[in-house]
Amino acid sequence: MTRTFIAIALPGHVKEALGRQIAALEEALRRRFTVQEKKLPRSVRWAAVEGLHLTLAFLGELDDDRLADAEQAAVVAAREGAPFALRLTHLGSFGPAHSPRVIWAGVSGNPDALSALGNLQVRLTSELEMRGFPPEERPFAPHLTLARVNEPLPPETARELPALLAAAASERADFTVREICVMKSERLRTGARYTCLRACALEAETEGI
């Protein structure tokens, strides 16, 4: 069985920018907790920079036949799309303001690029459903997960988090999406390891990026 998802991989310069943002935010939280004479909760679990990606569909544990179905869905969905440009932008969080659960980085682009991203995810979902995969219950919210917060932050830190996120999001990084990847996820002692099993190129013609 293979724990599987389909995602947009990130080029090296984008991962480097995200790594600097993670480091800045982690340092800001450490300084805040030092002022409060508290320790940074171990439950703030930072993502490994090398594994950062933009998830399009999470499929769970698949046997070889279902993995082949997922790969075919990705190939067909990618074939009908053209490359498009995105930009790493702001940082944000999911969960209630008093108890954030996930810290993420957002992406943006011009209207055509955002439409291309949305259409790609819709095509992929449709191709997966045609092959018997259950539909995703939550609406698509493109983001890159930077950290998970498994215990509530102190109230004063939670209140300050939006300002800390804004200060850490000091960089912009542009990148072009030219393919999607069927990914294998492995849970190791040191964290998750992700491997691209099949890269599926966006093959439609485009006038320019």
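Residues numbered from 1 in each chain as written. Predicted model: local features only at pLDDT ≥ 70, side-chain atom pairs only at ≥ 80, totals over all residues. Heavy atoms only, no water.

Engineer: Where do I start with the sheet that holds strand β5 (residues 102–108) in this structure?
Structural biologist: The pairing of strands in a sheet happens through backbone hydrogen bonds and is either parallel or antiparallel. Overall, antiparallel pairing links the five strands, which are arranged β2-β6-β5-β4-β7 in an open sheet. Looking at the sheet topology across the chains shown, the edges are occupied by β2 (44–46) and β7 (173–177). Along the sheet, successive strands turn relative to each other by an average axial angle of 30°, direction set aside. Across three bridges, the pairing between β2 and strand β6 (residues 144–149) is antiparallel. When the bridges of β6 are listed, R45 appears paired with R148. (Pairing = 2+ DSSP bridges. Helix = DSSP H or I, 4+ residues; strand = E, 2+ residues; numbered from the N terminus. Axes fitted to C-alpha atoms, helices over the stretch in contact; angles between N-to-C directions.)

Engineer: Any chance you could explain the pairing of strand β9 (residues 191–201) here in plain terms?
Structural biologist: The side chains of a regular strand alternate, first on one face of the sheet and then on the other. Across ten bridges, strand β8 (residues 179–188) lies against β9 in antiparallel orientation. What sits directly across from L188, in β9, is G191. Where β8 folds back on β9, the antiparallel hairpin that results is connected by two residues.

Engineer: What's the story with the packing of aromatic side chains in this structure? I'm lost.
Structural biologist: Geometrically, a pair of aromatic rings is defined through the distance of the ring centres and the angle of the planes. Per the counting criterion, the structure on display carries two aromatic pairs. For the pair F94 and W104, a centre-to-centre distance of 5.4 Å together with 35° between the ring planes defines the contact as tilted. Taken together, the residues span a long stretch of sequence, with F94 in strand β4 (residues 84–94) and W104 in strand β5 at a distance of ten residues. The lysine or arginine in question, R66, covers the ring of F133, its NZ or CZ lying 3.9 Å from the ring centre. (Phe/Tyr/Trp six-rings, centres within 6.5 Å; stacked < 30°, edge-to-face > 60°. Lys NZ or Arg CZ within 6 Å of the ring centre and 35° of its normal.)

Engineer: It is not clear to me how the environment of E71 should be interpreted in this structure. Could you clarify?
Structural biologist: By the secondary structure assignment, E71 is in helix α2 (residues 64–79). A sequence separation of 88 residues divides E71 from R159, and the C-alpha atoms of the two residues are 43 Å apart. In this structure, E71 is in contact with V182, L197, R198 and C200, ignoring residues within four places of it in sequence. (Contact = heavy atoms within 4.5 Å.)

Engineer: Explain the pattern of salt bridges here, please?
Structural biologist: Where charged atoms from two side chains of opposite charge come close, those side chains can pair. Applying the stated criterion across every chain yields a total of eight salt bridges. Of the charged contacts, one joins R87 and D174 as a salt bridge, the two residues approaching to 2.5 Å between their closest N and O atoms. Highlighted residues: R87 in strand β4 and D174 in strand β7, separated in sequence by 87 residues. Looking at R87, the relative accessible area reads 37%, which means it is partly exposed. The exposure class assigned to D174 is partly exposed, which follows from its relative accessible area of 43%. Note that E186 and R193 form a salt bridge whose closest N and O atoms lie 3.1 Å from each other. (Salt bridge = Lys/Arg side-chain N within 4 Å of Asp/Glu carboxyl O. Buried < 20%, exposed > 50% of the residue type's maximum accessible area, 1.4 Å probe, protein only.)

Engineer: I'm lost on helix α3 (residues 111–130) in this one. Help?
Structural biologist: Quick reminder: α-helices carry 3.6 residues per turn. Residues three or four places apart thus point the same way. Compared with an ideal rise of 1.5 Å per residue, which puts 20 residues at 28 Å, α3 spans 28 Å between its outermost C-alpha atoms and is within 8% of the ideal. The elements touched by buried residues of α3 are β1 (2–9), β3 (53–62), α2, β4 and β8. N-cap assignment for α3: the residue whose side-chain oxygen lies 3.0 Å from the backbone N of D112 is N110. Just beyond α3, the residue with positive phi is G132, at close to 90°. (Expected span 1.5 Å × (residues − 1). Polar contact = N/O pair within 3.5 Å; in protein donor to acceptor, adjacent residues only side chain to side chain.)

Engineer: Please explain helix α4 (residues 155–168) as it appears in this structure.
Structural biologist: With 14 residues, α4 ought to run about 20 Å at 1.5 Å a step, and its terminal C-alpha atoms sit 20 Å apart, in line with that. Roughly 45° is the biggest bend found in α4, and it falls at L161, with proline P162 one to four residues downstream. Of the residues making up α4, those classed as buried are T157, A158, L161, L164, L165 and A168. (Bend = angle between axes of the 7 residues up to and from the residue.)

Engineer: What is the right way to read the environment of T157 from this model?
Structural biologist: For T157, the location among the structural elements is in helix α4. Accessibility expressed as a relative area gives 0% for T157, which makes it buried. Sequence separation between T157 and H98 is 59 residues, and the spatial gap between their C-alpha atoms is 9.1 Å.

Engineer: Looking at this model, I keep getting lost on the sheet that holds β9. Mind explaining?
Structural biologist: As summarised here, the arrangement of the four strands in space is β3-β1-β8-β9, forming an open sheet in which the pairing is antiparallel. Each having just a single partner strand, β3 and β9 make up the two edges of the open sheet. Averaged over all pairs of adjacent strands, the angle between their axes in this sheet comes to 25°, without regard to strand direction. Where β1 lies against β8, four bridges are found, and the strand directions are antiparallel. Across the sheet, F5 pairs through a bridge with M183, a residue of β8. Seen against the sheet, α2 touches β1, β3, β8 and β9 and runs at an angle of roughly 55° to β9.

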